Structures are given as structure tokens and as C-alpha cells.
Amino acid sequence: MSKIIQQGLRVLEVEAQAILALKDRLGAEFEQVVSLITNCKGKLILTGMGKSGQIARKLAATFSSTGTPAVFLHPAESSHGDLGVIQTGDVVMALSYGGESPEFSGILRFVARKGMPLIAVTGNLNSSLAKAAQVTLNVHVSEEACPLNLAPTASSTATLALGDAVAMAVMAEKGFSPEDFAEFHPGGSLGYRLLTRVKDVMHGGEALPAVGLETPLREVFSIMTHKDVRGAAGVVDGKGDLVGVITDGQIRRRLEKSTDPLTGTAKDLMTTNPRTIDANELAEKALFVMEQFQINMLFVLDKESEKPRQPVGILHVQDLLRAKLR
């Protein structure tokens, strides 16, 4: 094994152990922090210098995207007017492994004067930051992954992991749902998956390939060829309810076995009890059904309508691919 690989493995091992060591520290302080943030009437202010500042920025984004309004406040800029971002009802979470960054002095004096909750995340429980805080989370590590034991590596990883643990616990306490998450991520693939309904991507109206029980097969084949969605036709009874489906596969099998494949009507070829999906279901569920039953199309019903068995659309797997669900 090369020295490069050995060094890489050592870093991963040291940082992994730093995270695992945090498990034994989750107790009353952790619960208190989660409670403070969950019950916060304002926003969460995250602050930190250097590498801790980078972690604080990331955590602010994580909290904001999971239902807790959060912003990053640069400690050095705070003394030049940026303290104005802190308002009544806010909670401040300060990240500093050593806990003695001089840039924190303005923030610490401000929150003490205003009587605002201060959470410290530090590796030094005897630091000025820890002593000023109402509650402190301990991220002490036995060693850094840096070969010189100097550069913040294991400590910054532990801080990030513990911050994520707090954010996810707060998210769970607030009952934050996948739909809530999607609303905050409308531009990503997750947003498409969690916000797109079947009715948003289906083909309906004149594009719906539907035939009657007594429709001649020649006409059925023509409809299946010339509609927008080709390859299937829904068969409806006299009330307009969906009672069957005809697919390309059934046509091919009939062509192979019958000497006169164009004779007969739709009821002679259809498969009864076709797979369907409700118009208001997530499009993601439609994709799951297609994959589960290895089919390419689903007829769409509106179960909330006065005629819940009448087809209102058809959905092809290509429609879901275009909707960026995969």
C-alpha cells in the first residue's frame, strides 16, 4: 500500500472516530439546544471565524432548507453594523473550536446586554465562549487528521456532524414533511419529484385514446396509431367507465396467432382490470407503479370526481422522464 493511500486512510479513520466519539455526548445539552431552536420565535443566527465560519455558513443553509429560518453573521463584520441582523426572538449559535476568537467579543457583549439565548459549539469547555453561553455543545477531538495536528480537520468535521444532528432533530420536532422540503427546493430534481402530480404531466382531452367495447379492431388500431400517446387504448363501457385496455403487445400477439387479425371488436382483445393511477397522486408514485409492474403506460382516473371510474388521461413513462423524475 502506497504512502498516499495510507495517509488518506488515516484521515478518514481519524475523522470517523471524531464523529463517533460525539455519540456519548448527546444528552441534556443536546436536547436543550434542540428545544431552544425549535421554540425560537425569530431566526437562528450562526456565526464563526475561519473554518468554523465555513461550517456555520453551511449549517445556516441546512437549517433554512429544513424549516428553520437561519442566517450567517460574520463576527468581524458584526462590529461594523451587521449586529443589526440580530433581533428580539432570535437565537445565536456560535461555532469556535478554541472558543477564544477575539472577533466574537462584540457579539457576546450584544447578546448578553439583550438577554438573548447563546449556544456555543466548541472544543474548549473552559473558554470565554463556553462561559458566556446558556448551553454548550462539546466538539472536542483527541487529534486532528492533519499530519502536523494543526489544521482544523477532525474538529471541523465533528462540528459539522453535530450541527447536522441538531438540524435534523429540530426538523423532526417541527414535523417538517417531504412536501415542505420540496417547496424550498422547487428548482431541483427533488422538487420536481415531490411537487409534480400525475395531472400535471398526463395527456387528457382529445389526446386520450379511448374506445368502446364494440369498436371494431381496425378502428382501435387506427386510434392507437394516430393519438398523441401511441401504444395503448382504454376501453370504456356504456357509462364511460374504464373496463379494459389494449396494448401494442396484445396486437403483436394477435398478428402472430390470427389469420384474420382485424376482425372482432375491442372487447375481444382487451385485458380487463387495467392498472390505473389517480390524477392527484404524485407523479413519483406513478413511476414506482410502472417499474413495479414493468409497464410503460397508466390510465388516469379522478377518484374525487362524480365519475371516479371514467378515464381522464393517460400517462407514459416518457412523460415522467421529461418531468425530470429520473
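See the structure printed just above.
Computed from a prediction, not measured in an experiment: that's the story for all the values here. (Residues numbered from 1 in each chain as written. Predicted model: local features only at pLDDT ≥ 70, side-chain atom pairs only at ≥ 80, totals over all residues. Heavy atoms only, no water.)

S.K.: I would appreciate a short explanation of the pairing of strand β12 (residues 311-316) in the present structure.
M.R.: Burial analysis of β12 places 5 of its 6 residues in the buried class, which makes it a mostly covered element. As paired strands, strand β11 (residues 297-301) and β12 are joined by 5 bridges and run antiparallel to one another. In the sheet register, Met297 faces β12, and the bridge partner there is His316. (Buried < 20%, exposed > 50% of the residue type's maximum accessible area, 1.4 Å probe, protein only. Helix = DSSP H or I, 4+ residues; strand = E, 2+ residues; numbered from the N terminus. Pairing = 2+ DSSP bridges.)

S.K.: Can you walk me through a nonpolar patch on the surface in this structure?
M.R.: A surface patch of nonpolar side chains, amounting to about 450 Å² of accessible area, comprises Met1, Ile5, Leu9 and Leu12. For Ile5, the position within the fold is in helix α1 (residues 3-20). Looking at Ile5, the relative accessible area reads 45%, which means it is partly exposed. (Patch = residues over 30% accessible without salt bridge, like charges linked within 9 Å, V, L, I, M, F, W, Y side chains within 5 Å. Areas by Shrake-Rupley, 256 points an atom, 1.4 Å probe, with all protein chains shown as cover. Salt bridge = Lys/Arg side-chain N within 4 Å of Asp/Glu carboxyl O.)

S.K.: Mind showing me how you'd approach the sheet that holds strand β7 (residues 232-236) here?
M.R.: Within a beta sheet, neighbouring strands are joined by backbone hydrogen bonds and run either parallel or antiparallel to one another. Spatially, 4 strands are ordered β6-β7-β8-β9 in an open sheet, and the strand pairing comes out mixed. Only two strands of the sheet have a single partner each, and these edge strands are β6 (210-212) and β9 (271-272). Bridge count for β6 against β7 is 3 bridges, and the pairing is parallel. Residue pairing in the sheet places Ala210 in a bridge with Gly234 of β7. Across the sheet, helix α12 (residues 248-257) touches β8 (242-247) and β9, and the angle it forms with β8 is around 60°. (Contact = heavy atoms within 4.5 Å. Axes fitted to C-alpha atoms, helices over the stretch in contact; angles between N-to-C directions.)

S.K.: Explain helix α11 (residues 217-226) to me, please; I cannot follow it from the model alone.
M.R.: Since there are 3.6 residues in each turn of an α-helix, residues three or four apart along the chain are aligned in direction. Within the sequence span of α11, burial applies to Leu217, Val220, Phe221, Ile223 and Met224. Down the axis of α11, the buried side of the element spans an arc of 160°, and every buried residue falls inside it. Away from the buried face of α11 by more than 90 degrees, exposed residues Arg218 and His226 are located. Looking at the buried side of α11, the elements it contacts are β6, β7, β8, α12 and α13 (266-269). (Arc of directions from axis to C-beta.)

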